[in-house]
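# Chain and residue survey
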Amino acid sequence: MKNTFKSIHEKIFLRLILMITIYLFCNNIWGFVVATVGNKIITSEELKSNISVNIHNKRYKKERKQVLKKLIKEKILLIYAENNEISVDDNEVESYFISQLSNHPKLTTNGKFDYLKFDDLKETPEVQKILQTMKYDLLIQKTESIVKQSLEVSDDDLMMDYISKNTTIDLSYAIIDEDQTLVPSTCTIEKAYEYYSINKEKFKPIEKSKFDFLIISPEMIKDSVVVTYEELNNAFQPFSSKIPFDEIRDSLEINLRKLKINKILKEVANDFRLKFQTFNSLSIPVYQTQYLSENEKIGQLQNQEIIKKMIFNLRENEVSIPFATSFGFIIFKRRDTIIEDKNKQDLGKEIWLKYAEYEEEFGTKELRENKFNSQIDKYLVPAALINKYTISRKEIMENLNFSEVEISQYYNQHSEEILATTIIPELSLVSSIVLEQMKKEKAEEIVTRIRSQIGKYFGNDEIMNKISCEKGVNFSTDIVYLKKFINKDKINHLIAYKINQHPENYSDVLNYKDKTILYSVETYFPEYLPDFLDIQSQIQITKDTLSINVNDFDFENYYNENKELYLSSDSLQIAGAFFPIITDSIKIDYAKVEEYYNKYSEHFVNKKSAVIKYVFIKNSENNTEEFRKKLIDSINESTDFSILQQCIGDKFSLPQNTKIEVENLDKSIISTISILKKNEVSKFIQLEEGWIIIKLINNYKEGKLKLNYVYNDIEKLLKSNEAENIAYLKAKTVFDSTRYFSQCSKYADKKELFKTKMLAIDDKFPPIGYLKNLKFQLKQLWKGEKFSEIYHTEDGYFVIFKLQGIPSKRLTFEEALPIIQETILEKNKNKRGKQFVENLIKEFKITSNTDSLLFFFGGLKKKNGLTIDSFLPCIENSNLVIRDALKRNNGDISHPIKISDNQYLFYKVENISKISRKNINELLNQYRKEQEILTFDYWLEQFSSDIKIMQY
């Protein structure tokens, strides 16, 4: 082995000596290297031979730069020629030589070219040198010509491009939101104005109020609250016969202290309320909101509707009762009120949508109800009566509370996993993360328990009543429509689908978002009359309505015409052996961790980072300099920024109370953090989305992390690596030793074997997970065949066998019906939206008062002097609109153009200034030359971006 390494070192050394020798040789013969282009070099002699002036001439520097640029371009073209096998043969060079020098006296006899003389001369050094130069020039010219031909555009495209770039347009245009087009067909602009004149009071200017507020936090009194021994002893008495005093003393003291703090804090809050009502000067900061309307959020406070109802009923300078929050109490005082006129564009849209709601409720609804009552037989459907238990993880989590002791104990038990994701050792900074995790785990535990109880006691009314009273559990008895109509409740619709798929299953479980639903079918109704309110939107009253009733559309005929579109997924059953990556039993000694740390020390560097709190406020009319100045004036060092963010801040993506790398932040935030001291508060910083004020909690300098800080991470990594290696070797043994699944039991434990149910190929296959990336290969396997390689996931290694497969089959009409309904509804929505805008355009063409016509749709916008490179505000693909307009003439009005998923546009060409076609050919020739140069230069820049170019 040593001799092998010695041999390799000798080869490298000899190669290095050879390279140096060649370099020196080249320098001696051709001068020194001035530039390298990929594997090509440019020498000083080559450069000098192409410069026409001497070094003392004042034009020398400029010409040298131009010549070097030309030579670099030539080398790039040579590299392209090599990559694309472009070459020049000897016949091409000879033909070129003869065409250029056929009249030279040394090559002619009696005034004519003599090939025999050329044949004698072409082997001479002088002519050989000329031929080589010509071959080089020809290759450069040929390569450049091939590149330019590939970049050529047609005359028609060139003309269109030239005319487009030299044309200006004045446009007027309207943008209509799709939800404004999906209104009852009875809606008209005249009736909308009539509705507005009657209901003007509903659309009065917005009233906005500013509020002062106080934050009464437990931090204000917690140090002064003490639990006496007598209070502890009294609280202990109910437990005295069951548990020793010392065992529960700490938890009793914590809970008693918390109760005392809450009681005293409420008294303190009421004292401050009286002072807040009477005095302007208080011993705690007074904060202020922006001007708010009743439909705007008050920061990110919980129970928004309750708070708003309370504070907007206050008179000016009246103070609210203390409102309990997660951080203590908050008290509001209504400061002053302003009346703000609504934006004309927003007002028009609001009126139109309210009018459409009115028309739907009192116009269309009546027509639908008349149709329903007069044709009852058409609306009878098969249905099922179900008992349904809905378990909400979110609701369970909201009702969970943990003491500080429980949080601390959990943190101590799971600190390794928590530190792996947060990199912050202090519990105080990660308590919210810990609490969230505890709630998730406890909620999952409760869901599992409730599911088990429901399954066990389903027929026991007494126990089931108790279960349904638990927080987070909702019991209901529902009617589910099995055919014809879409159930209003999304979960009921999914249940109907499951019942239709497997009518023999009288009970089942369904998971939807954060909910687990357990249902049982009480009885089936072959014919059931739905509640009109449930299906009213699905009853058709006119041809252009958005909703469709099954009796008014031949879904079955549509299905028969498009059967090939409706296929079920391929299904598979697989089995095999799974070897998980388990680290529990693996021990790593200190020496191995230290060795790894020393070997890869460059990875254990702590980047410059910080922990911050902040208040972020979005850009708005209310976010004034005066408001920001008052907020800074009222902030002091004791302010908890997370509380302020809840009270007046808007949501922002920047993490708080966790370690963040400074280099990933906005430049203005980086520069602010660099000058802040610990616990210092910044001024407001302007960002693109709004304004932010920062409090620096901690700063971490850049530097190498100590071993004890990363020891656990390294140990965990080494354990994982070793566990992964063990799992792989076990899997390889099974893979190499087996041909059929039945043989796996000889080489793997029973607990390591698995067999799945028959599942759709896009479903999750436990314990592997989703196999979408393997589905093509798995479909090709024969029954019982082993997959061609060991499959690896984050959890471990798998040896996989295909037990059986069922190819996709055509869905029945009943199975495809929900998909067809959704497809047709979407098509009708687009058709209806387009038809609405087309009708609006017809009126636009004949009206003289476009402002009145488009009042409800955002009005008519105008933009003058547009060119092909211009942009229309708020339109993502405005270039397509302008290109369309270039083809039109003065006064032309477009068809409806869908500019996004929920917006239409139409425009009128007010004026278009096109280039005269007189002398167009002469102009085009000049334009073509300019475009060829620009296009070739761009190609050269793009191609050379992957080539290393060095100038010395």
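No experiment lies behind these values; they were computed from the predicted model shown.

### What to know about the sheet that holds strand E29 (residues 903–913)
Sheet strands pair by backbone hydrogen bonding; their relative direction is either parallel or antiparallel. Spatially, E27-E5-E29-E28 is the arrangement adopted by the four strands of the open sheet, whose pairing is antiparallel. The open sheet terminates on both sides in strands that have one partner only, identified here as strand E27 (861–866) and strand E28 (897–900). Ignoring strand direction, the axes of neighbouring strands in this sheet form an average angle of 35 degrees. Two elements, E28 and E29, share three bridges in a ladder whose sense is antiparallel. Pairing of Lys898 across the sheet is with Tyr904, part of E29. The sheet strands contacting helix H27 (residues 813–846) are strand E5 (168–177), E28 and E29, and the helix crosses E29 at an angle near 35 degrees.

### Re the packing of helix H21 (residues 590–599) against helix H25 (residues 707–737)
Contact geometry for H21 and H25: axes closest at 9 Å, N-to-C directions at 105 degrees. Taken together, the axes of H21 and H25 lie roughly perpendicular to each other. Between H21 and H25, the residues in contact are Tyr590, Lys592, Val593, Glu594, Tyr596 and Tyr597 and Leu707, Val710, Tyr711, Ile714, Glu715, Leu717, Leu718 and Glu722, respectively. Of the residues in the contact of H21 with H25, the class split is 10 nonpolar, no polar and four charged.

### Let's talk about the environment of Leu314
When you line up the elements, Leu314 lands in the loop between helix H12 (304–311) and strand E8 (323–325). Residue contacts for Leu314: discarding those within four places in its chain leaves Val319, Ser320, Phe332 and Arg334.

### So, the nonpolar core
Counting 35 residues, the largest nonpolar core has Val37, Ile42, Leu47, Leu68, Phe97 and Trp939 as its most contacted members. Elements supplying a minimum of two residues to this core: strand E1 (33–37), helix H3 (60–83), helix H4 (90–101), helix H6 (125–151) and helix H30 (920–944). Among the elements that make up this core, the one with the highest residue count is H3 (11 residues). Phe213, Ile298, Ile307 and Phe323 belong to the second largest nonpolar core, which has 28 residues in total.

### Description of the pattern of salt bridges
Oppositely charged side chains may form a pair once their charged atoms are brought near each other. For the coordinates displayed, the defined rule picks out 33 salt bridges. Glu63 is the salt-bridge partner of Arg59, the closest N and O atoms lying 3.5 Å from each other. Exposure remark for Arg59: the relative accessible area of 46% places this residue in the partly exposed category. Accessibility expressed as a relative area gives 13% for Glu63, which makes it buried. For Glu444, the salt bridge is made with Arg393, and the minimal N-O distance between the two is 3.0 Å. Here the residue Glu444 occupies a position in helix H16 (residues 427–456), and Arg393 occupies one in helix H14 (residues 393–398), the gap between them amounting to 51 residues.

### Description of the packing of aromatic side chains
This structure, assessed with the given rule, holds 41 aromatic pairs. Pairing Tyr195 with Tyr355 gives two aromatic rings, centres 5.9 Å apart and planes at 45 degrees, and the pair type is tilted. Note that Tyr195 is positioned in helix H9 (residues 189–198) and Tyr355 in helix H13 (residues 344–374), a separation of 160 residues in sequence. Judged by its relative accessible area of 8%, Tyr195 falls in the buried class. Judged by its relative accessible area of 2%, Tyr355 falls in the buried class. Taken together through their ring pairs, the aromatic side chains of Tyr193, Tyr195, Tyr196, Phe203, Trp352, Tyr355, Tyr358, Phe836, Phe855, Phe856 and Phe857 make up a single cluster. Taking NZ or CZ as reference, Lys659 lies 4.1 Å from the ring centre of Tyr700, over its face.

### Considerations on the pairing of strand E9 (residues 328–340)
Bridge count between strand E6 (residues 206–216) and E9: 11 bridges; the pairing is antiparallel. Bridging from a neighbouring strand, Lys208 pairs with Ile338 of E9. As paired elements, E8 and E9 share three bridges and run antiparallel to each other. By the bridge assignment for E9, Ala324 is matched with Phe329. Counting the residues in the hairpin turn of E8 and E9 gives two residues.

### Regarding the environment of Phe871
For Phe871, the location among the structural elements is in the loop between E27 and helix H29 (878–886). Overall, Phe871 belongs to the exposed group, its relative accessible area being 64%. Considering only alpha carbons, one finds Phe871 and Ile882, 11 residues apart in sequence, at a separation of 8.4 Å. When residues no more than four places from it in sequence are discounted, the contact partners of Phe871 are Ser878 and Ile882.

### Considering a negative patch on the surface
Residues Asp554, Glu556, Glu561 and Glu814 make up a contiguous surface patch of negative charge. Along the polypeptide, Glu556 turns up in helix H20 (residues 555–561).

### Considerations on unusual backbone geometry
The omega torsion of the bond from Pro766 to Pro767 falls at 5 degrees, within 30 degrees of zero and hence cis. Take Pro767: it is sitting in the loop between strand E23 (764–765) and strand E24 (769–770). Of note in the backbone geometry, Asn303 takes a positive phi value of approximately 55 degrees without being a glycine. As for its placement among the helices and strands, Asn303 is situated in the loop between strand E7 (287–288) and H12. Using a relative accessible area of 44% as the deciding quantity, one classes Asn303 as partly exposed. Although it is not a glycine, Asn679 adopts a positive phi angle of roughly 70 degrees. With respect to the helices and strands, the residue Asn679 is situated in the loop between helix H24 (667–675) and strand E18 (685–686).

### A few points about the side chain of Lys349
Positionally, Lys349 belongs in helix H13. Setting aside residues no more than four positions away along its own chain, Lys349 makes contact with Asp177, Gln180, Phe856, Phe857 and Gly858.

### Quick word on the packing of H3 against H6
In contact at an axis separation of 9 Å, H3 and H6 are set at 75 degrees when each is read in the N-to-C sense. Our classification of the angle between H3 and H6 gives roughly perpendicular. Contacts between H3 and H6 involve Lys73, Glu74, Lys75, Leu77, Leu78, Tyr80 and Ala81 from the first element and Tyr136, Leu139, Ile140, Thr143, Glu144 and Val147 from the second. In the contact of H3 with H6, the residues fall into eight nonpolar, one polar and four charged.

### Considering the confidence of the model for the chain
For the chain, the average pLDDT comes to 82, and 89% of its residues sit at 70 or higher. Here residues 1–9 scores under 50 on pLDDT; set against residues more than four positions off or in separate chains, the count is zero contacts. Ignoring residues within four places in sequence, the model shows residues 419–426, a span with pLDDT below 50, making 20 contacts including any to other chains.

### Structural notes on the sheet that holds E9
Reading across from one edge, E7-E6-E9-E8 is the order of the four strands in this open sheet, with antiparallel pairing throughout. Either end of the sheet is taken by a strand with one partner, and the two such strands are E7 and E8. In this sheet, E7 lies alongside E6 in antiparallel orientation, the contact comprising two bridges. Residue Asp212 lies in a different strand from E7, and its bridge partner there is Gln288. Lying over the sheet, helix H23 (residues 641–648) contacts E6, E7 and E9, oriented at roughly 160 degrees with respect to E6.

What counts, and at which threshold
For every chain, the first residue of the written sequence is number 1, and numbering continues from 1 along that sequence. Since the coordinates come from a predicted model, pLDDT governs what is reported: local features require at least 70, and pairs of side-chain atoms require 80 or more to be given and counted, while whole-chain, interface and lining totals use all residues. Side-chain descriptors were evaluated using all non-hydrogen atoms of the structure, hydrogens and water having been removed beforehand. Should DSSP find at least two bridges between two strands, the strands are taken to pair. Numbering of helices and strands runs from the N terminus; a helix is a DSSP stretch of H or I covering at least four residues, while a strand is a stretch of E covering at least two. To get an axis, a line is fitted to the C-alpha atoms, and for a helix only the part in contact is used. The angle between two axes follows their N-to-C directions and goes from 0 to 180 degrees. Contacts are residue-level and defined by heavy atoms, with any inter-residue pair within 4.5 Å sufficient. An angle counts as roughly parallel when it lies under 35 degrees, as roughly antiparallel when it exceeds 145, as roughly perpendicular when it falls between 65 and 115, and as oblique in every other case. Three categories are distinguished: nonpolar for Ala, Val, Leu, Ile, Met, Phe, Trp, Tyr, Cys and Pro, charged for Asp, Glu, Lys and Arg, and polar for the others, with Gly belonging to the last. To define a nonpolar core, start from buried Ala, Val, Leu, Ile, Met, Phe, Trp, Tyr and Cys residues and group those joined through side-chain atoms within 4.5 Å. Three labels apply to residues, based on accessible area from a 1.4 Å probe with only protein chains included: buried if under 20% of the type maximum, exposed if over 50%, partly exposed otherwise in between. What counts as a salt bridge is simple: a side-chain nitrogen of Lys or Arg found within 4 Å of a carboxyl oxygen of Asp or Glu. Two rings from Phe, Tyr or Trp (for Trp, the six-membered ring) form a pair when their centres are within 6.5 Å of each other. A pair whose planes differ by under 30 degrees is stacked, one over 60 is edge-to-face, and the rest are tilted. To sit over a ring, a charge needs its Lys NZ or Arg CZ within 6 Å of the ring centre and within 35 degrees of the ring normal. A patch consists of residues exposed above 30% relative accessible area that lack any salt bridge, with like charges linked at up to 9 Å and nonpolar side chains (Val, Leu, Ile, Met, Phe, Trp, Tyr) linked at up to 5 Å. Per-residue and other accessible areas were derived by the Shrake-Rupley procedure at a 1.4 Å probe size, with only the shown protein chains allowed to occlude residues. Only four residue types enter the charge count: Lys and Arg as positive, Asp and Glu as negative, with His and the chain ends excluded. Each charge is placed at NZ for Lys, CZ for Arg, CG for Asp and CD for Glu. You can read pLDDT as the predictor saying how much it trusts each residue, on a scale of 0 to 100.

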